[in-house]
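Spelled out from the first residue to the last, the chains are:
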Amino acid sequence: MEKSEGKVLEEKLFNQKKSGWETATDDEKGLIFKFSDEYMAFLNKAKTEREFVCRAKEVLDSNGFKDLCTADSVKPGDKVYSVNRGKSMYIAVIGNKKLEEGLNLVGAHIDSPRLDLKPNPVYEDNEMVYFDTQYYGGIKKYQWTAIPLSLHGVIVKTNGEKVTVNIGEGENDPIFTITDLLPHLAKEQMQKKLDEGVAGEDLNLLIGNMPYVCPDVKEKVKLNVLKLLNERYGINEADFLSAELELVPAFNSKSLGFDYSMVAGYGQDDKVCAYTSLRAILEAKVQDKTAVCILSDKEEIGSMGNTGMESQAFDNFVAELLNKSGENRPNLLNKVFCNSSMLSADVGTAFDPIYAGVSDRTNSAYMSYGVSFDKYTGSRGKAGGSDANAEFIGKIREILERNNVHYQIAQLGKVDVGGGGTIAYILANKGVEVIDCGVPVLSMHSPYEVTSKYDIYSAYMAYKVFYEEA
Ligand code: MN
Ligand code: MN
């Protein structure tokens, strides 16, 4: 049947949105599934910011990247990185153009919501021993009880020795958990508001129940746990004072669905964008402008501190590139930023039909519709948000469409329902052209976040062509 004039006009004029799977070829599906397998394997070995930095450094070292501090100079074609205190890092591939003509930046964060141990974490109560915790980032506290948790991080002794801890991930490792009340006795708890059902101060991790048998010690179970910790790590209770220990879900990421089309896993906000931007800079053919990948820390608590994006550490990295390229003169750093472009690579929320009421259907990101851009963030009347310029978005659309990268432009939720932000504003405030661009996520900030494999691959493609062509 011949199409009506109206149908032809509709195809020409409407913004035709559809799932990327509808047009993906078998070859493309093969690439997408292979890529997401590699992503899941990486994610399972990089559940914290420190672990992500370690894994990324290994990958970079084996792909010809050098630590910037070991390089006397940099020239076009050089590949360098710099690690900031083991928790954030910056990676650059030097282009043929001068740095002052601007950088092509992709910036993600590698911290995720979790539970941290308090500085004095160990206590015994009725012959049960616990680690006391403080949550990190925006979590729904009730989601963190009654699931297996693993302990990751470092303990630094007064002699400077640093002990790396990773327990709960190995086949024969024990796990830990925070207990919840049985429904039979939870009548009062169940009447509470959801955000009060489990109190922050009650997020106490169960770590032991066996006593060290001895007549004159009061806290026998605590003594037994500390004895085991001393045998394993050579530490005593006071060493927790100088430790950073994080609790994350002990389960691994997995393919989700009969069709294997999705990934379920902890920490995808924002390690899905961090991994894709890392892969993209490894594989991009950088010609003109210098490509820079930022893997920042502390985004989930406001980007503050010397490993967060607000720190001068990144400016120092760019200043070092200028120094070592022999291109420096006063105030050049400001010019570099004002000439730079950036994709702020952070996850957005995917439309969830079960909770459709919080979303504006025409401005939502849909699972498998491709990498998603947020023109602006913030809340209410865009307060506190970074709003990308139309000229910049037009340029990005041209690059993506010419390279057949499936994308969508959306917003976080309905007006006045809530809001959020990323590191975009920090770079925008320095003069960089920035737009938020990442993978849509279901169950964001939960112990088990969900993404589409199609969107993961399209984020990787978007970051790659951006490094190459922006
Ligand atoms: Mn994020
Ligand atoms: Mn987040």
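Residues numbered from 1 in each chain as written. Chains lettered and ligands numbered in written order. Predicted model: local features only at pLDDT ≥ 70, side-chain atom pairs only at ≥ 80, totals over all residues. Heavy atoms only, no water.

Trainee: Describe the sheet that holds strand E22 (residues 449-452), and please don't skip the residues or the numbers.
Mentor: If you trace the three strands from one edge of the open sheet to the other, you get E11-E12-E22, paired in antiparallel fashion. Lying at the two open borders of the sheet, with one neighbouring strand each, are strand E11 (254-256) and E22. For this sheet the average axis-to-axis angle between neighbouring strands, irrespective of direction, equals 35°. Summarising the sheet, E11 and strand E12 (residues 262-265) pair through three bridges and their orientation is antiparallel. Paired with Lys-254 across the two strands is Ala-264, which belongs to E12. In the packing of helix H6 (residues 268-283) onto the sheet, contacts are made with E12 and E22, and the angle to E22 comes to roughly 35°. (Pairing = 2+ DSSP bridges. Helix = DSSP H or I, 4+ residues; strand = E, 2+ residues; numbered from the N terminus. Axes fitted to C-alpha atoms, helices over the stretch in contact; angles between N-to-C directions. Contact = heavy atoms within 4.5 Å.)

Trainee: Could you give an account of the side chain of Glu-299, with specific residues and numbers?
Mentor: In this fold, Glu-299 is placed in the loop between strand E13 (290-296) and helix H7 (313-324). Buried within the structure, Glu-299 lacks any salt-bridge partner; its nearest side chain of opposite charge belongs to Arg-114, at an N-O separation of 10 Å. Here the side chain of Glu-299 touches His-109 through a polar contact of 3.2 Å, side chain to side chain. Sequence-distant contacts of Glu-299, that is, excluding residues within four places in its chain, are made with His-109, Asp-111, Tyr-136, Asp-346, Gly-421, Thr-422 and Ile-423. (Buried < 20%, exposed > 50% of the residue type's maximum accessible area, 1.4 Å probe, protein only. Lys, Arg positive; Asp, Glu negative; His and termini not counted. Salt bridge = Lys/Arg side-chain N within 4 Å of Asp/Glu carboxyl O. Polar contact = N/O pair within 3.5 Å; in protein donor to acceptor, adjacent residues only side chain to side chain.)

Trainee: Which residues make up the coordination of the manganese ion (ligand 2), and what are the values?
Mentor: Put simply, the ideal angle at a metal is 109.5 degrees for four donors in tetrahedral geometry and 90 or 180 degrees for six donors in octahedral geometry. Binding of the manganese ion (ligand 2) to the protein goes through Asp-269 (OD), Glu-300 (OE), Glu-300 (OE) and His-445 (NE2), at separations of 2.1 to 2.5 Å. We note that the donor set of the manganese ion (ligand 2) lies within a single chain, spaced as D-x30-E-x144-H. Here the manganese ion (ligand 2) and the manganese ion (ligand 1) are spaced 3.3 Å apart, and both take Asp-269 as a donor. Of this pair, Asp-269 sits in helix H6 while His-445 is found in the loop between strand E21 (440-441) and E22, placing the two residues 176 residues apart along the sequence. Residue Asp-269 shares its accessibility class with His-445, and that shared class is buried. (Donors = N, O, S within 2.8 Å, 3.2 Å for Na, K, Ca; no water.)

Trainee: Break down the packing of helix H2 (residues 26-44) against H6 for me, with residues and values.
Mentor: To characterise two packed helices, one gives the angle between the axes of the helices and the distance between these axes. Between H2 and H6, whose axes approach to 11 Å, the crossing angle comes to 120°. When the interaxial angle is binned, H2 and H6 end up oblique. When you trace H2 past H6, the crossing you get is right-handed. Counted together, Phe-35, Glu-38, Tyr-39, Phe-42 and Leu-43 of H2 and Gln-268, Lys-271, Val-272, Tyr-275, Thr-276, Leu-278 and Arg-279 of H6 form the full contact between these two elements. (Parallel < 35°, antiparallel > 145°, perpendicular 65-115°, else oblique. Left-handed = near helix turned anticlockwise from the far one by under 90°.)

Trainee: Break down the pairing of strand E7 (residues 149-156) for me, with residues and values.
Mentor: Of all eight residues in E7, seven are buried, a share of seventy percent or more. Two elements, E7 and strand E10 (residues 243-249), share seven bridges in a ladder whose sense is antiparallel. Looking at the pairing, Leu-151 lines up with Leu-247 of E10. As judged from the six bridges shared by E7 and strand E8 (residues 162-167), these two strands associate in the antiparallel manner. For Leu-151, the partnering residue across the bridge sits in E8 and is Ile-167. In textbook terms, the turn of a hairpin is the stretch between consecutive antiparallel strands, and for E7 and E8 this stretch comprises five residues, one of which, Gly-160, has a positive phi near 90°.

Trainee: Now, about the coordination of the manganese ion (ligand 1): what can you tell me, with residues and values included?
Mentor: Coordination of the manganese ion (ligand 1) by the protein involves His-109 (NE2), Asp-269 (OD), Asp-346 (OD) and Asp-346 (OD), with metal-donor separations of 2.1 to 2.6 Å. Of note, the donors binding the manganese ion (ligand 1) are all from one chain and are spaced H-x159-D-x76-D. Of the residues examined, Asp-269 reaches a relative accessible area of 3% and is grouped as buried. Classification of Asp-346 as buried rests on a relative accessible area of 7%.

Trainee: An account of the domain arrangement of the protein is requested, with residue identities and associated values reported.
Mentor: A common way to express how large an interface is: the accessible area buried when the components associate. According to the domain assignment, the protein consists of domain 1 (14-112 + 266-469) and domain 2 (114-249). Counting residues at the interface gives 17 residues for domain 1, matched by 17 residues for domain 2. Summed over both partners, the interface of domain 1 with domain 2 buries about 1400 Å², with 48% contributed by carbon and sulfur atoms. The largest per-residue losses of area from domain 1 upon contact with domain 2 belong to Lys-47, Arg-50 and Pro-447, which jointly make up 35% of the total buried on that side. Connecting domain 1 to domain 2 are four salt bridges. The residue Glu-49 makes a salt bridge to Arg-114 at a minimum N-O spacing of 3.4 Å. If you look at where domain 1 meets domain 2, you find ten residue pairs in polar contact (both at pLDDT 80 or more). Grouping the amino acids of the side of domain 1 that touches domain 2 by side-chain chemistry returns three nonpolar, four polar and ten charged. (Domains from an automatic or database assignment. Buried area = accessible area lost by both parts, 1.4 Å probe. Nonpolar A, V, L, I, M, F, W, Y, C, P; charged D, E, K, R; others polar.)

Trainee: Can you tell me about the sheet that holds strand E14 (residues 341-344), naming the residues and giving the values?
Mentor: Backbone-to-backbone hydrogen bonds pair the strands of a sheet. The strands run either parallel or antiparallel. Reading across from one edge, E1-E2-E3-E13-E4-E14-E20-E16-E18 is the order of the nine strands in this open sheet, with mixed pairing throughout. Edge strands, defined here as strands with exactly one partner in the open sheet, are strand E1 (66-67) and strand E18 (407-410). Bridge count for strand E4 (residues 103-109) against E14 is four bridges, and the pairing is parallel. The residue bridging Val-106 from the neighbouring strand is Leu-343, located in E14. Against the sheet, H7 makes contact with strand E2 (79-84), strand E3 (88-93), E4 and E13, and its axis sits at roughly 25° relative to E3, the strand it touches most.

Trainee: Any details on the pairing of E13? Residues and values, ideally.
Mentor: The element E13 is extensively covered by neighbouring structure, given that seven of its seven residues are classed as buried. Neither face of E13 is left uncovered, since the one carrying Thr-290, Val-292, Ile-294 and Ser-296 and the one carrying Ala-291, Cys-293 and Leu-295 both have all their residues buried. Summarising the sheet, E3 and E13 pair through five bridges and their orientation is antiparallel. Bridging across to E13, Tyr-90 finds its partner in Ile-294. Both E4 and E13 contribute to a ladder of seven bridges, which runs parallel. Note on E13: the bridge partner recorded for Asn-104 is Ala-291.

Trainee: Account for the nonpolar core, naming residues and giving values.
Mentor: For soluble globular proteins, the rule of thumb is that nonpolar side chains tend to be buried together. In this structure, Phe-52, Ile-91, Leu-295, Leu-343, Phe-373, Tyr-463 and Tyr-467 are the most contacted members of the largest nonpolar core, which totals 63 residues. The leading source of residues in this core is helix H11 (residues 453-469), at ten residues. The contacts of Leu-295, once residues within four sequence positions are left out, are Phe-52, Ala-56, Ser-88, Met-89, Ile-91, Ala-108, Ile-110, Ala-274 and Ser-277. Ranked by size, the runner-up nonpolar core spans 31 residues in total, among them Ile-139, Val-163, Ile-167 and Phe-240. (Core = buried A, V, L, I, M, F, W, Y, C linked by side-chain atoms within 4.5 Å.)

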